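Fold and geometry: a report
Read off the chains here:
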Amino acid sequence: MEKFTKLYSTAVPLPVENIDTDQIIPARFLKVIDKAGFGNNLFRDWRFDEENKPNPTFVLNNPKYKGNILVAGDNFGCGSSREHAAWALTDYGFKVIVSSYFADIFKGNALNNGLLPIQVSSNFLKEILAIVEKKSESLLIVDLEAQTIEVENSHLKEAFEIDTYKKICMINGYDDIDFLVSNKDKIEAFEANRTSKETMVI
């Protein structure tokens, strides 16, 4: 995974509550196991009409909004546990999802794929959505080390929580195996010490 420390980006507002994983990536696109290309079908049934033409009213088809941050409504990622939802969001180019609540399984899948889910208060979410919708060029600053998100040149700033282990992995660009490899010397030293003590007891 890519290292994540601090992100400066404009945002895409999607003020819809209870967006489930089937809306993020419809079930008919889950037959492949390669992550590449999943972004093409992100929000497929919202982005395109029945004739496969772009829906001009959907935010991802509006050239006014762009960026690596998706600001969504409450309860994002509910529904089935499909990891493909995180694949589709990251493949499309999103690095951060902001909401006032995330489904637990989606949150875990997101973090495992280098996608940072930032849970904020309901009031903060309303304010940030209002700013982004009104002024699309507004810049958001996400500081993972400090665990804060803010709107540049404004009073809007809030801290967020993240599992310590997942924070270490994201900052260093580790997946679970990379993390174990990075601690190889410590693991070997622990095993050697444990073996030595067991030998002494025998």
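The structure reproduced in this document is the subject of the present report. This one's a predicted model, so the numbers in the text were calculated from it and none came from an experiment. (Residues numbered from 1 in each chain as written. Predicted model: local features only at pLDDT ≥ 70, side-chain atom pairs only at ≥ 80, totals over all residues. Heavy atoms only, no water.)

As for the sheet that holds strand β3 (residues 69-72)
Across the sheet, four strands lie side by side as β2-β3-β4-β5; this open sheet has parallel pairing. The open sheet has two free edges, formed respectively by β2 (11-14) and β5 (116-119), since each of these has just one partner strand. Each strand axis lies, on average, 20° off the axis of its neighbour in the sheet, ignoring direction. Inspection of the sheet shows β3 paired to strand β4 (residues 96-99) by three bridges, in the parallel sense. (Pairing = 2+ DSSP bridges. Helix = DSSP H or I, 4+ residues; strand = E, 2+ residues; numbered from the N terminus. Axes fitted to C-alpha atoms, helices over the stretch in contact; angles between N-to-C directions.)

Thoughts on helix α3 (residues 84-92)
Of all the residues in α3, the buried ones are His 84, Ala 85, Ala 86, Trp 87, Ala 88 and Leu 89. Tucked inside the fold, the buried residues of α3 contact α1 (21-24), β3, β4 and α4 (104-112). Just downstream of α3, Gly 93 is the residue with a positive phi angle, here 125°. (Buried < 20%, exposed > 50% of the residue type's maximum accessible area, 1.4 Å probe, protein only. Contact = heavy atoms within 4.5 Å.)

Quick notes on the packing of α3 against α4
Between two packed helices, both the angle of their axes relative to each other and the distance between the axes serve to describe the pair. As a packed pair, α3 and α4 sit with axes 8 Å apart at the nearest point and diverge in direction by 50°. With respect to α4, the axis of α3 lies oblique. α3 and α4 meet at a crossing whose hand is right-handed. Two secondary-structure elements touch here, α3 through Ala 85, Ala 86 and Leu 89 and α4 through Phe 106, Asn 109 and Ala 110. Taken together, the residues of the contact of α3 with α4 break down into five nonpolar, one polar and no charged. (Parallel < 35°, antiparallel > 145°, perpendicular 65-115°, else oblique. Left-handed = near helix turned anticlockwise from the far one by under 90°. Nonpolar A, V, L, I, M, F, W, Y, C, P; charged D, E, K, R; others polar.)

Quick notes on the packing of aromatic side chains
For the structure on display, the rule yields eight aromatic pairs. For the pair Phe 43 and Trp 46, a centre-to-centre distance of 5.5 Å together with 0° between the ring planes defines the contact as stacked. Looking at Phe 43, the relative accessible area reads 0%, which means it is buried. An aromatic cluster of three or more residues is present, and its members are Phe 43, Trp 46 and Phe 58. Cation over ring: Arg 44 sits above Phe 48, and NZ or CZ is 4.2 Å from the ring centre. (Phe/Tyr/Trp six-rings, centres within 6.5 Å; stacked < 30°, edge-to-face > 60°. Lys NZ or Arg CZ within 6 Å of the ring centre and 35° of its normal.)

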